[in-house]
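# Residue-level structure breakdown
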Amino acid sequence: MAWLVDDEIMDRIEKLEIDFNRYGVDAYGASKKDMARAGTIMAWIYRRYFDVSVHGIKHVPPRGRGMLVGNHSGGLALDALIVTSSMMLEAEPPRLVNAMADRFIERVPFGAMLLSRLGQLTGLPEHAVRLLNDDRLLMVFPEGHRGTAKLYGDRNSLVRFGTGFVRLALQTKTPIVPFAFIGGGEAIPTIANLEKTGKFLGLPYLPITPYGPPLPRPVALEIYYSEPIVFEGTGNEEDRVIQDCVDKVRDRIAELIERGVRIRTGRGKASQS
Amino acid sequence: MNVLLTGIAGSQGRLVAHKLLAAGHHVIGIDRRPWPEAPEGVTMHCADVRKRSAEEVFRSVRPDAVIHMATVTHLAQRSEDRYQINLQGTRAVFDHSHAYGVKQVLFVGRHTFYGASAASPLYHSENDPPQSVNVFPELSDLVASDLYAGSALWRYEELSTCILRFCYTLGPTCNGTLASFLKGKRPPSVLGFDPLFQFMHDEDMADAIVLALEKSLRGVFNVAGPSPVPLSVVIREANRKQVHVPEILFRLAMGRLGFPHLPQGAIAHLKFPVTINTEAFRKTTDFVHQHDHAKIIRDFLDACPSPA
C-alpha cells in the first residue's frame, strides 16, 4: 500500500469508470495513486473536520456526461473540494468530478502538476467540450471570480451568472444538474478581499476573516443536488434565448439555497456570529 | 511508384526508405549526408535540396510523389542556418514538385508547431494556431515551414499536399528530441512541473508516412501513438534518474555543469504539455499504432541503455 493511502479510498478510485493506462494515469494526466492520496486527506476533512450532509445525490447521472452547476460559497476552492469529495465518497459508483481550474494556477510550480494529477484541467472551453464528449462529469461555477469574492453578509446570495455553460451544455447535449452549496460563507467568513496582497502571493486576491487568515472553521456544510435540467438546442441560439436558460438554472439554485437555509436555520445550525 | 525522399540519410529517413521498399516502391533519395550502406532499390543523390543539383534530380527522375523530411529540428544548429535550410528547402521542394509534374507531396512536421504554454489546451486539433513562437523564437523556422507547406494547398491545387504533424518519436533509432533528452543518466526537469509527453514508436511514424502516401492524403493531420504520459513516468521507465531543478537555476545551468545547451524557450516544453488530437488521421486512414508505451521504451532502452 502506498504511503498515506486509505484502502477504502483506493477501492473507490478503482471503481471509477475511467480508462487508466498501465501507469495508472488517464488521458488527462489524472493519477490513481495521487488521487487516492488526496482522497484520503479529503475524506478526513470531509467526515471529521466538517459536518457535511448531501441531499439528492441520486439526481447526478451515475455515468455519461453531466454538468454540475452551482453557487460559489466561501473563498478559496472549499466548495469545489467538498463537492468533488461528495461525488467520490458518497456516489455509487463514485465519479471523478472535473473542475475548470483558474488559469493562474498553471504557472505556479506544483500547482499545475498537482491539478493535472488529480484530474483537473485549466478552465478553457476546449477542455470543457472535450471532457463532456468523453462522458465526464464537469463542475461549473457560473458566478466565477465574482462569486468567490462574496462577503459574509452576502453568503447565501447569487451574483451574475456567466452564460457560457448553457451554450456548452446545448452544444454537447449535456444534462445540467443544479446544486446549492451552503455553509462555505460561515466556514470562511470573509470580511474583506485584499487584492494587492493576493497579487503578491500569485492569487487573484486574498480573503480576510475576523481572525485574519482565511482558514476554514469546522462548521456544517450542506449540498443539495436537484434533478437534471435538459435544454434542447444547438448552442448557436441568440443571447436572449440562452439568457432564459441561464435564468432557469439560476432560479433553481436560488430555490435550493432558500430551502437549504430555511432548514439550516430551523435546525439551529445558523451562523453564531 | 517513384518516391523521392529528401533527408533520407537521417535515421527516420532511412526507416521510411526501408518501409517504402518493402511496400514495393522505387525510392530516390536526396541528402547532403551520404548513406553508403543504402539498400538496393534506393538511388542516392548527394545534394542540398536548395541547390541546382537537387532540381536536376526532379527534372531527370520525374518522381510521382515527394516526401520532404529534410528539415533540421535539433537546436544545436545555428538558427540562421536552420531558417535557411528549413524554409528555403521547403520552398524549393514545392516549387520543383509543381514544375516537374509531381502528383503528391508529403511534408513531415512536428507537434511542437502548437507551442507549449500555460494557456494552451490539451489535445490540439489541426485548426489550432501556433501559439508560442514569441516565447520560443528558435522554433519559428519550423512553424514557418509548416505554414508555408500548407499554403501549397491553394497555391498548387493540382498537387495533393499533405502536412503531417508528428508527436515525439522514440525507439530503436535513439534519435530525435525526446531521445536526446533521455540519453543522459540524469535528465533534468523543472521543479514543480510534470507535463504530459506524447510519443510514438519510430516504426509507427514511418508506417504512418507510407500510409498517408498510399492513401493520397490531402490536408493537415496530427499523428500520434498511445496516450500521453507524465514526463516523470517516461524518465522513470527509461531507467533514468530525474533531477528536479528550480526554474531559476535551470536557466542559469543551461549549457553548464553538463546540462544540455538549450534555448530558454525550451524550458516551456518541460513545464507545459503539447499534446495533439489524432482522430482525424485515424479516421481517414484507418491508422492503428502497433507499439505501446512499454515496447517503445524497451526498444529505446535496447538501443540506448542507461549510461553506467
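Residues numbered from 1 in each chain as written. Chains lettered and ligands numbered in written order. Predicted model: local features only at pLDDT ≥ 70, side-chain atom pairs only at ≥ 80, totals over all residues.

### Considerations on the overall build of chain B
Helix and strand counts for chain B come out as 11 helices and 13 strands. The C-alpha atoms of chain B give 19 Å as radius of gyration, which agrees with the globular expectation for 308 residues (19 Å, within 12%). For the C-alpha atoms alone, the extent of chain B along its principal axes is close to 55 × 40 × 40 Å. For chain B, with 308 residues in total, the buried portion stands at 49%. Within chain B, residue pairs in contact and separated by at least 24 positions form 77% of the contacts whose partners lie at least 6 positions apart. (Helix = DSSP H or I, 4+ residues; strand = E, 2+ residues; numbered from the N terminus. Rg over C-alpha atoms; globule rule 2.2 N^0.38 Å. Buried ≥ 20, exposed ≤ 12 C-beta atoms within 10 Å, placed from the backbone. Contact = placed C-beta atoms within 7 Å.)

### A closer look at the overall build of chain A
Scanning chain A from terminus to terminus reveals 10 helices and nine strands. If one aligns the C-alpha atoms of chain A with their principal axes, the spans along those axes are about 50 × 50 × 40 Å. By residue count, 42% of the 273 residues in chain A fall in the buried class.

### Here we look at the nonpolar core
Residues Leu68(A), Val83(A), Ile67(B), Leu106(B), Leu164(B) and Ile209(B) are the most contacted members of the largest nonpolar core, which totals 150 residues. Here Ile209(B) is in contact with Val16(B), Ile67(B), Leu106(B), Val108(B) and Leu164(B), once residues within four sequence places are set aside. (Core = buried A, V, L, I, M, F, W, Y, C linked by C-beta atoms within 7 Å.)

### Digging into the pairing of strand β11 (residues 219-223) of chain B
Every other side chain in a regular strand lies on the same face of the sheet, so the side chains alternate between the two faces. Residue and element names in this part refer to chain B. Of all five residues making up β11, four are buried, and the element is well covered by its neighbours. Where strand β6 (residues 160-166) and β11 come together, five bridges link them in parallel fashion. For Cys162, the partnering residue across the bridge sits in β11 and is Gly219. (Pairing = 2+ DSSP bridges.)

### Quick look at the pairing of strand β2 (residues 26-31) of chain B
All names here are of chain B. Among the six residues in β2, five count as buried, and that is most of the element. The pairing of strand β1 (residues 2-6) with β2 spans five bridges and is parallel. Of the residues in β2, the one forming a bridge with Thr6 is Ile30. In this sheet, strand β3 (residues 42-46) lies alongside β2 in parallel orientation, the contact comprising five bridges. Counterpart to Gly29 in the pairing with β3 is Met44.

### Quick look at the interface of chain B and chain A
Counting residues at the interface gives 16 residues for chain B and 19 residues for chain A. Broken down by secondary-structure element, the contributors of at least two residues to the side of chain B that touches chain A are β12 (229-230) and α11 (293-303) of chain B. Of the residues that constitute the side of chain B that touches chain A, the class distribution is 12 nonpolar, three polar and one charged. (Nonpolar A, V, L, I, M, F, W, Y, C, P; charged D, E, K, R; others polar.)

### A look at helix α1 (residues 11-22) of chain B
All names here are of chain B. Taking 1.5 Å of rise per residue, the 12 residues of α1 would be expected to cover 16 Å, and the 17 Å separating its terminal C-alpha atoms lies within 8% of that figure. Buried positions along α1 lie against β1, β2, β3, β4 (65-68) and α6 (202-214). One or two residues past the end of α1 sits Gly24, with phi positive at roughly 90°. (Expected span 1.5 Å × (residues − 1).)

### Considerations on unusual backbone geometry
In the segment running from Glu92(A) into Pro93(A), the intervening peptide bond is cis, with an omega of -10°. Structurally, the position occupied by Pro93(A) is in the loop between α3 (78-89) and β3 (97-101). At Asp135(A), a residue that is not glycine, the phi angle is positive and equals roughly 65°. Along the chain, the position of Asp135(A) falls in the loop between α5 (125-133) and β5 (137-140). Among the residues examined, Asp135(A) registers 15 C-beta atoms within 10 Å and is labelled partly exposed. Positive phi, normally seen in glycine, also occurs at Asp286(B), with a value near 60°. Relative to the elements of secondary structure, Asp286(B) occurs in the loop between α10 (279-285) and α11.

### Comments concerning helix α10 (residues 239-266) of chain A
Residue and element names in this part refer to chain A. Between its first and last C-alpha atoms α10 spans 40 Å; for 28 residues at 1.5 Å apiece the expected length is 40 Å, and the two agree. By the burial criterion, the buried members of α10 are Ile242, Cys245, Val246, Val249, Ile253, Leu256, Ile257 and Gly260. Taken together, the buried residues of α10 touch β2 (66-70), α7 (164-172), β6 (176-182) and β9 (220-225).

### Observations concerning the sheet that holds β4(B)
Residue and element names in this part refer to chain B. Spatially, seven strands are ordered β3-β2-β1-β4-β5-β6-β11 in an open sheet, and the strand pairing comes out parallel. Each edge of the open sheet carries a strand with a single partner, namely β3 and β11. In this sheet, neighbouring strand axes are inclined to one another by 20° on average, regardless of whether the strands run parallel or antiparallel. (Axes fitted to C-alpha atoms, helices over the stretch in contact; angles between N-to-C directions.)

### Looking at the environment of Met67(A)
Along the polypeptide, Met67(A) turns up in strand β2. Taking the C-alpha atoms as reference points, Met67(A) and Leu132(A), 65 residues apart in sequence, are found 8.3 Å from one another.

### As for the environment of Cys46(B)
Residues and elements named next belong to chain B. Secondary-structure assignment places Cys46 in strand β3. What makes Cys46 partly exposed here is the crowd of 13 C-beta atoms within 10 Å. Excluding residues that lie within four positions of it along the chain, Cys46 makes contacts with Asp31, Arg32 and Pro34.

### Describing the sheet that holds β2(A)
Residues and elements named next belong to chain A. If you trace the seven strands from one edge of the open sheet to the other, you get β1-β9-β6-β2-β5-β3-β4, paired in mixed fashion. Single-partner strands in this sheet number two, and they are β1 (51-55) and β4 (121-122). Pairing geometry for β3 and β4, over two bridges, is parallel. Bridging across to β4, Met100 finds its partner in Leu121.

### What to know about the packing of helix α1 (residues 7-15) of chain A against helix α2 (residues 32-49) of chain A
Residues and elements named next belong to chain A. Across the interface, α1 lies against α2 with an axial gap of 9 Å and an inter-helix angle of 130°. By the criterion of interaxial angle, the relationship of α1 to α2 is oblique. Here α1 and α2 pass one another in a crossing that is right-handed. For the pair α1 and α2, contact is made by Ile9, Met10 and Ile13 and by Lys32, Met35, Ala36, Gly39, Thr40 and Ala43, respectively. Of the residues in the contact of α1 with α2, the class split is six nonpolar, two polar and one charged. (Parallel < 35°, antiparallel > 145°, perpendicular 65-115°, else oblique. Left-handed = near helix turned anticlockwise from the far one by under 90°.)

### Observations concerning the confidence of the model for chain B
Averaged over chain B, the pLDDT score is 92; the fraction of residues at 70 or greater is 97%. Listed scores for the predicted complex are pTM 0.90 and ipTM 0.86. (pLDDT = per-residue confidence, 0-100.)

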